[in-house]
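So you can see what is in the structure, the chains are spelled out below.
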Amino acid sequence: MKLSDVVAFMGHQVHVCRYREAGTLLSWMGRDLHGKRVLDVAGGDGYWAGRARKRGAHAVSIDLARGKMVYGRTLADAPALIECDALRLPFGDATFDAVLSVCAIEHFDDGGKSLDEMARVLKPGGEVFMSADVLSRADEWPKLRDAHKAKYHVQHTYTHESLRKLMDERGLDLVRYSYQFRTAATERLYLSLSTYGGKVGFNAAAPLAPLVALADRSAPNRQGSIVLVHARKR
């Protein structure tokens, strides 16, 4: 394994939430993706699209971060990497079988426009697997909330209901959803790590991931820091 793959593994999988978040979306997508065309919207270095490619998909990852994409080309199982705007995808209608997007929509000025494009490039019956910042209790910790939003350029937050409405307007039906960091304690942990720890802090907190998952299983599935959704195009 090359050093770049080790670094990518550490950044994406040795992480208190990202592996469980993106891993859940990929598990919903399926283990066998042979014959499927998969698009990762705002996929950075393309690591997660690469996991889809490893499962047999023809995978494409788009982003505007050229440096990340140059780095992504050095990874094993690298997908096709295309520099472009998520609000103006350079693909024809009904091109892809599935769209993946990991915590990206909250960074767009116009989340609805990004969903317009995701829906447009999906084939009928195609599926969207995406996550978004919710920050259900963030108002309880305004300094953490504001620091998180400023640091990560969070323009909007979403719940499964607000995403359901936006998706329904674009011909997408919500299939299932799941919240992560559902309790007050774990949500504060998430905001504290994002504000003060960055990638290093999230990775250092990775041993807490099983405890966070356990707390999520015992809490109602109606709020949290991150929401995962799976939708299907009519």
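Above this text sits the structure in question.
What counts and what doesn't
Residues numbered from 1 in each chain as written. Predicted model: local features only at pLDDT ≥ 70, side-chain atom pairs only at ≥ 80, totals over all residues. Heavy atoms only, no water. Helix = DSSP H or I, 4+ residues; strand = E, 2+ residues; numbered from the N terminus. Rg over C-alpha atoms; globule rule 2.2 N^0.38 Å. Buried < 20%, exposed > 50% of the residue type's maximum accessible area, 1.4 Å probe, protein only. Areas by Shrake-Rupley, 256 points an atom, 1.4 Å probe, with all protein chains shown as cover. Lys, Arg positive; Asp, Glu negative; His and termini not counted. Charge placed at Lys NZ, Arg CZ, Asp CG, Glu CD. Salt bridge = Lys/Arg side-chain N within 4 Å of Asp/Glu carboxyl O. Contact = heavy atoms within 4.5 Å. Patch = residues over 30% accessible without salt bridge, like charges linked within 9 Å, V, L, I, M, F, W, Y side chains within 5 Å. Pairing = 2+ DSSP bridges. Axes fitted to C-alpha atoms, helices over the stretch in contact; angles between N-to-C directions. Expected span 1.5 Å × (residues − 1). Bend = angle between axes of the 7 residues up to and from the residue.

Undergrad: Would you take a moment to explain the overall build of the chain for this structure?
TA: Looking only at helices and strands, the chain features 9 helices and 7 strands. For the chain, the C-alpha radius of gyration of 17 Å lies close to 17 Å, the compact-globule estimate for 234 residues. Considered along the principal axes of its C-alpha atoms, the chain spans approximately 45 × 45 × 30 Å. Residues classed as buried in the chain amount to 56% of the 234 residues present. Of the roughly 10600 Å² of accessible surface on the chain, 55% is carried by carbon and sulfur atoms. Each charge class in the chain can be summarised by its mean position, and for the 34 positive and 27 negative side chains these summaries are 4 Å apart.

Undergrad: Got a minute to help me understand unusual backbone geometry in this structure?
TA: Trans peptide bonds make up most of the peptide bonds, and negative phi angles are found at most residues other than glycine. The phi torsion at A94 lies on the positive side, around 55°, for a residue other than glycine. Here A94 lies in the loop between strand 3 (80-83) and strand 4 (96-101). With a phi close to 55°, H153 is a non-glycine residue in the positive phi region. The topology assignment puts H153 in the loop between helix 6 (142-152) and helix 7 (160-168).

Undergrad: What is the right way to read the pattern of salt bridges from this model?
TA: Tallied over the entire structure, the rule returns 18 salt bridges. For the salt bridge of D97 with K123, the shortest nitrogen-to-oxygen distance reads 3.3 Å. Taken together, the positions of D97 in strand 4 and K123 in strand 5 (residues 122-133) put the pair 26 residues apart, joining distant regions of the chain. Between R234 and D173 there is a salt bridge whose closest N-O contact spans 2.9 Å.

Undergrad: Explain the environment of R53 here, please?
TA: Mapped onto the secondary structure, R53 falls in helix 3 (residues 47-54). Assessed through its relative accessible area of 41%, R53 is described here as partly exposed. Here the alpha-carbon distance between R53 and F129, two residues 76 residues apart in the chain, equals 15 Å. In contact with R53, other than residues within four places in its own chain, are A59, D77, A78 and P79.

Undergrad: Please explain a nonpolar patch on the surface as it appears in this structure.
TA: A cluster of nonpolar side chains, contributed by L208, L211 and L214, occupies part of the molecular surface with about 270 Å² of accessible area. Along the chain, the position of L208 falls in the loop between helix 8 (184-204) and helix 9 (209-218).

Undergrad: Sorry, what's going on with the sheet that holds strand 4 here?
TA: Backbone-to-backbone hydrogen bonds pair the strands of a sheet. The strands run either parallel or antiparallel. Pairing in this open sheet of 7 strands is mixed, and the strands run 3-2-1-4-5-7-6 from one edge to the other. Each end of this open sheet is capped by a strand with a single partner; those strands are strand 3 and strand 6 (172-180). Here the average twist between neighbouring strands, direction ignored, is 15°. Taken together, the 7 bridges between strand 5 and strand 7 (residues 226-233) define a ladder with antiparallel strand orientation. Across the sheet, the residue bridging to A132 is V227, located in strand 7.

Undergrad: So what exactly am I meant to see when it comes to the side chain of H160 here?
TA: When you line up the elements, H160 lands in helix 7. Residue contacts for H160: discarding those within four places in its chain leaves L174, Y177, Y179, V227 and V229.

Undergrad: Would you take a moment to explain helix 8 for this structure?
TA: When the terminal C-alpha atoms of helix 8 are compared, their 21 Å separation across 21 residues is substantially less than the 30 Å that a helix rising 1.5 Å per residue should span. Of all the bends in helix 8, the largest measures some 130° and sits at G197. Buried residues of helix 8: T186, E187, Y190, L191, L193, S194, T195, G198, G201, F202 and N203, and no others.

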